[in-house]
Amino acid sequence: MMRLTPGLRASLFGLGALVLTLLGAWLLFGRGTSPLQTDLLAMLPPTERQPVAEEAVERLSRASGDRLVFLLASKNDDDAKDAARTFGAALAGKPGIASAIAELPPFDLDQLTTPFLPFRFHLLTAADRALWQAPSPDVAGMLTRRLNEPFGAGIGTRLTDDPFGTLQHWLNTQPFNRSTLIPEDDLLTAHRGDTTYVMVIATLAGSSYDDQIQRPALASVEAATHTVTAAHPDVHILRTGTMFYAAAARAGAERDVHVVGIASTVGIALLLIGVFRSPRPLLLAFLSTAIGVIAAITITIAIFGQLHLLTLVFGAALLGEAVDYSIQYLCARANAAQAWNAEAGVRQVRPALLLALATSLLGYALLGMVPFPALRQMACFAIVGMLVACFSVLWLLPALARPAARRPVSPALSRIALSWQRPVSTLAQARRGLVVLGVLVVAAAPGWCLLDHDDDIHLLISPPAVLEQDTRDIASIAGMGTGSQFYLVQGDTVEQTLQHEEALTARLQAMIEAKQLDAWTGVTTMLPSAQRQQSNRDAFARVLENRSVLADAAEKAGFRAGALDAFANAWPGRPMTLDDWMAMPVSMPFHYLWMGQRGHAFASIVLPQGQDDSAQLAAAADGLPGITFVDKPASVSALFGRYRGYADVWLGAALLLVGVAFAWRYGLRAAPRVLAPPLLGIGLTLAALGYLGQPLTLFHVMALMLVLGVGANYAVFLREGEPHTAQRPGAAYAGVLLSAITALLSFGLLALSTMPALRHFGTTLLLGIGFTVLLAPVSLPRETSR
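Remember, it's a predicted structure, so these values are computed and weren't measured experimentally. (Residues numbered from 1 in each chain as written. Predicted model: local features only at pLDDT ≥ 70, side-chain atom pairs only at ≥ 80, totals over all residues. Heavy atoms only, no water.)

(A) View of the overall build of the protein chain. The helix and strand inventory of the protein chain stands at 31 helices and 13 strands. For 786 residues, the compact-globule formula gives about 28 Å, and the C-alpha radius of gyration of the protein chain, at 35 Å, lies well above that figure. Structurally, the protein chain occupies a C-alpha span of about 120 × 55 × 55 Å along its principal axes. Counting only residues that meet the buried cut, the protein chain has 53% of its 786 residues in that class. Summarising the internal contacts of the protein chain: among those between residues at least 6 apart in sequence, 82% fall at separations of at least 24. Counting every atom, the protein chain has about 33200 Å² of accessible surface; 62% of that belongs to carbon and sulfur. When the 57 basic and 59 acidic side-chain charges of the protein chain are each reduced to a single mean position, those positions are 19 Å apart. (Helix = DSSP H or I, 4+ residues; strand = E, 2+ residues; numbered from the N terminus. Rg over C-alpha atoms; globule rule 2.2 N^0.38 Å. Buried < 20%, exposed > 50% of the residue type's maximum accessible area, 1.4 Å probe, protein only. Contact = heavy atoms within 4.5 Å. Areas by Shrake-Rupley, 256 points an atom, 1.4 Å probe, with all protein chains shown as cover. Lys, Arg positive; Asp, Glu negative; His and termini not counted. Charge placed at Lys NZ, Arg CZ, Asp CG, Glu CD.)

In structure tokens form, the structure reads like this:
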């Protein structure tokens, strides 16, 4: 079998790296759309037990995904309306915007009411049903009240078509007629206090998450905003829409990449120049790391088809760990001086690098076991990056680092390392070690007692407060639900599904009367079940099937003779069907509430408004057949809690496996010493988090798994490297300190991330890496530490 020469091995590795680079460039820039995923829902795992519930979540997210909603507010009515017209005109047809509507097109209100006339005898509000079902309904009184009703600003029915006002009352309860926004001067206008709000709605030319749509659309919105504020400085523009949340997340990720990537790169570069006092090691270290990161990006996109924001920022931080392998090799080169041999150097560091790689991959593999798309992607990214970076050291660097180093590792760093290594390793001996361990436990115990946990999904993201407030204000003024909490209604038939929904909405109505809910939106608000419609028709029957009763009541109320003949002749009409409702133009914005047939059942969605208490909303569905309350944020939070508990077990299992690996390599007696730095580092990190008042999340525990991997690396690097640097005391620990500082310059900077999840990740790694590297000398054998 032919043995590959170092040069041929390096050439093949370089060719593979070039192929991966070209493939990565095509995946990133050659397909027309950016693979960067800013859809936060796509980062979350499936949490609902029913696939239909997950589909409903996606359906609600898509319902308004390509829409932007604006309210232009001013204390001057004319200014608000003029500004809305200007804003709509400035936005219409601009890049990224398919349409923008401020002024309503001319329409006849009759066009909105006429489609309901055939069904008027089958549509009743609960209050009207009670009146008509009374033993002796006051027919004349109802006609008189209708004559004296003031003309409303919403959708109105003609007196001759609806003499009792029952259809009008029913229309008043409809979602399209419930909003405080009313047509005024051809604009959708609302008045609250002394402020006028005018709505403008824009539709994007594509997906909110498509970078080629998002960026030009944002620029168009900003240009239109500038135009309006220049002409109407007193006008305030409220905005909401999926695009604004996606853009905020993207901007935060880009900022984090710049801060973490640039700061860590510059910091690591200055550090390597200062330690090795030559640019060659810097270039070699960055080449190895860059190949690892490029491979990670390419393989991750090839497997997943996209790159999550969390993965992007995490990848920028991975620089600090991936560079560890090249640092250990370059330190061996520098410490060998003129006795350096590139192949012998590989053989010297290979056991430490492979053992360290195995412990790191174990931590990332456990991370990949969590059924959370973003974490799985991060794990894939890290595993590929670490593997390629490590093997670049074993196969590529020997061909590029053949000349001996001109200077050893900075003597100042070696002296600093030795000044800490000796007392720590001495204190770790025999009885003194037990005393020190006892002191550490006593110091850490109060912090452990202070630890709490918080699995709130909102810790994953942190949208701008201004955008959140605008969204709440628009939802309140326009009567829009958020869609994060809803009821999934299911039945074997269309009729059964509607009946199940009516049972639910009866409870929701009771909550409204108890001031526990503002409103709800569901299909049966607009399409009652056939059973309910038959009940409504039966309530009318006693009067309308006896023309003399209707004629007498009309005369008493003051109607002229024959005025109600057309109404009476329309009796009994017909019930409204699902096809009738779906065909009505006014129902089109609400079609997403009817999911249709899903498998063997039918499904619909009911959206509650004005109540965030999940317990109260869930209680409304208790005991009702076919009703499932879905709270996506609460479901994800509960999932985070479960997997945080599982992660604690996984962390313990990982410690055990690493201990077994160390026992295999170093023996049963020495393994506890090598395992002590990462184990103590994890314990002290938990205590520090308790003292800092940071509740534990899934991301803290995931970070602790990485602390285990990184801490084990440092113990292994020091344990394996010390025998080779006997002539340079402190040099091996100097290399470990160098690796730790580079990790702190990258992972530690995640503590500054705008994303709470990554911030928790970074804080935990900052503490964990710091503790483990300071405790790394504990891993040295007794004869070495004396």
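(B) Here's a closer look at the pattern of salt bridges. According to the stated counting rule, one finds 13 salt bridges in the structure shown. The closest approach of N and O atoms between Asp185 and Lys81, which form a salt bridge, is 2.8 Å. Pair noted here: Asp185 is in the loop between strand E4 (182–184) and strand E5 (187–192) and Lys81 is in helix H3 (residues 77–91), with a separation of 104 residues, a long-range link. For Asp185, a relative accessible area of 48% translates into the label partly exposed. A residue is classified by how much of its surface remains accessible, and Lys81, at 3% relative accessible area, is buried. For Asp455, the salt bridge is made with Arg644, and the minimal N-O distance between the two is 2.8 Å. One end of the pair, Asp455, is in the loop between helix H17 (430–450) and helix H18 (465–478); the other, Arg644, is in helix H26 (residues 632–666), with 189 residues separating them in the sequence. An identical accessibility class is assigned to Asp455 and Arg644; each is buried. (Salt bridge = Lys/Arg side-chain N within 4 Å of Asp/Glu carboxyl O.)

(C) Broad picture of the side chain of Arg719. Assignment of secondary structure puts Arg719 in helix H28 (residues 698–721). The residues touching Arg719, leaving out its near neighbours within four places in the chain, are Tyr666, Ala670, Val674, Ser779, Leu780 and Pro781.

(D) Representation of the domain arrangement of the protein chain in the model. The domains assigned to the protein chain are domain 1 (109–179 + 480–631) and domain 2 (411–450 + 632–786). Just the C-alpha atoms count here: the centres of domain 1 and domain 2 sit 65 Å apart. For the pair domain 1 and domain 2, the summed buried area comes to about 270 Å², and 50% of that belongs to carbon and sulfur atoms. Three residues stand out in domain 1 for area buried against domain 2, namely Ser484, Val630 and Asp631, and they jointly supply 95% of the buried area on that side. Inspection of the domain 1/domain 2 interface yields 0 salt bridges. Taken together, the connections running from domain 1 to domain 2 amount to 0 residue pairs in polar contact (both at pLDDT 80 or more). (Domains from an automatic or database assignment. Buried area = accessible area lost by both parts, 1.4 Å probe. Polar contact = N/O pair within 3.5 Å; in protein donor to acceptor, adjacent residues only side chain to side chain.)

(E) Broad picture of unusual backbone geometry. Between Trp571 and the following residue, Pro572, the backbone shows a cis peptide bond with an omega angle of 5°. Tracing the backbone shows Pro572 in the loop between helix H23 (565–569) and helix H24 (578–583). Within the chain, Asp186 stands out as a residue other than glycine whose phi angle is a positive 65°. Mapped onto the fold, Asp186 is located in the loop between E4 and E5.

(F) Focus on H3. Between its terminal C-alpha atoms H3 stretches 21 Å, which fits the 21 Å expected from 15 residues at 1.5 Å a residue. You can read the cap of H3 off the contacts: a side-chain oxygen lies 3.0 Å from the backbone nitrogen of Asp78, and it is on Asn76. Positive backbone phi, at 75°, marks Gly93, one or two positions downstream of H3. (Expected span 1.5 Å × (residues − 1).)

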